[in-house]
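Chains, contacts and geometry: an overview
The chain contents come next:
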Amino acid sequence: RALRQLLGPWGKSDRTIPSTFRQPGAPDTRVLVVDSPEATKAEVRLAVRGLARGDSDALAAEVLALIIRNRWKTAMPDLSEISVRNDAHVLPGIFVLSASAPTGSAAKATTAAQDVIKSLIQSAPTAQELENARSVVLNQLSTEFSQPETMTARWLDVDTFKSARPSTIGTLIRSLTPADIQRVTAKLFKDVAMATVVAGNSEQLKSAFPGNVAINSAVVPDARPIDPVVPTKKP
């Protein structure tokens, strides 16, 4: 009854409403520096649009993430808390590289990450690199599948995300070739603008990224207490 009263008078449109949604523009190619004056290290993040959970290359992206991480760590031994991942959902998420670096090495860290990606676009990873990354992913899956709750969630993902069936994931990962990894790298990164964000002391970082920096001051939330709402007393 309530729906009829509220929505009943609405008439059906006799024309198609034009779409007003558009994809966001390409990210700024400059390095965005978020000022954190008291920081002793720099937090480095590089990101592009990732793959959806249901994408046929989602598993290859997981293996690619480990290969990139290993190469980045080898190129920059002074990095810490390195993480490379494809955050996938029903819609494509983000493929993000993150690490903590000494402030003086932040520029070198971003350049090293970009060089690793370029090298994988130009030539496939070695068979040993692929095997090492594949073994890590398969071991992680073996641990997950030994837990009933995780296995249940994986089967639900088949319906929710149209992802691969748990019984076939191992076979799909073992069938990946170096050429597959190179193709997925190009799919994610070739001719794509990458967002780069570095959080740290802006005065020190500006000299590391001369002429290619956008500075944003860190926003500190208003810490003033909010007056509590006192209910009106009943007579």
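Please refer to the structure placed before this passage.
In short, a report on the structure. (Residues numbered from 1 in each chain as written. Predicted model: local features only at pLDDT ≥ 70, side-chain atom pairs only at ≥ 80, totals over all residues. Heavy atoms only, no water.)

Describing the packing of helix α4 (residues 127-145) against helix α6 (residues 166-174)
- At a closest axis distance of 10 Å, the pairing of α4 and α6 adopts a crossing angle of 170°. Here α4 lies roughly antiparallel to α6, going by the angle between them. Here Arg134, Val137, Leu138, Leu141 and Phe145 of α4 come into contact with α6, specifically with Pro166, Ile169, Gly170, Ile173 and Arg174.
- When grouped by side-chain class, the residues that make up the contact of α4 with α6 number seven nonpolar, one polar and two charged. (Axes fitted to C-alpha atoms, helices over the stretch in contact; angles between N-to-C directions. Helix = DSSP H or I, 4+ residues; strand = E, 2+ residues; numbered from the N terminus. Parallel < 35°, antiparallel > 145°, perpendicular 65-115°, else oblique. Contact = heavy atoms within 4.5 Å. Nonpolar A, V, L, I, M, F, W, Y, C, P; charged D, E, K, R; others polar.)

Concerning the pairing of strand β2 (residues 41-49)
- Pairing of β2 with strand β4 (residues 94-102), which is carried by nine bridges, proceeds in the antiparallel orientation. Paired with Glu43 across the strands is Ser100, a residue of β4. (Pairing = 2+ DSSP bridges.)

Focus on the nonpolar core
- By size, the foremost hydrophobic cluster in this structure holds 50 residues, and its most contacted members are Val63, Leu64, Ile68, Trp72, Phe95, Leu97 and Phe189.
- The leading source of residues in this core is helix α2 (residues 58-75), at 10 residues.
- With sequence-adjacent residues up to four places away left out, Phe189 is seen in contact with Val48, Leu64, Ile68, Phe95, Ile117, Ile121 and Met194. (Core = buried A, V, L, I, M, F, W, Y, C linked by side-chain atoms within 4.5 Å. Buried < 20%, exposed > 50% of the residue type's maximum accessible area, 1.4 Å probe, protein only.)

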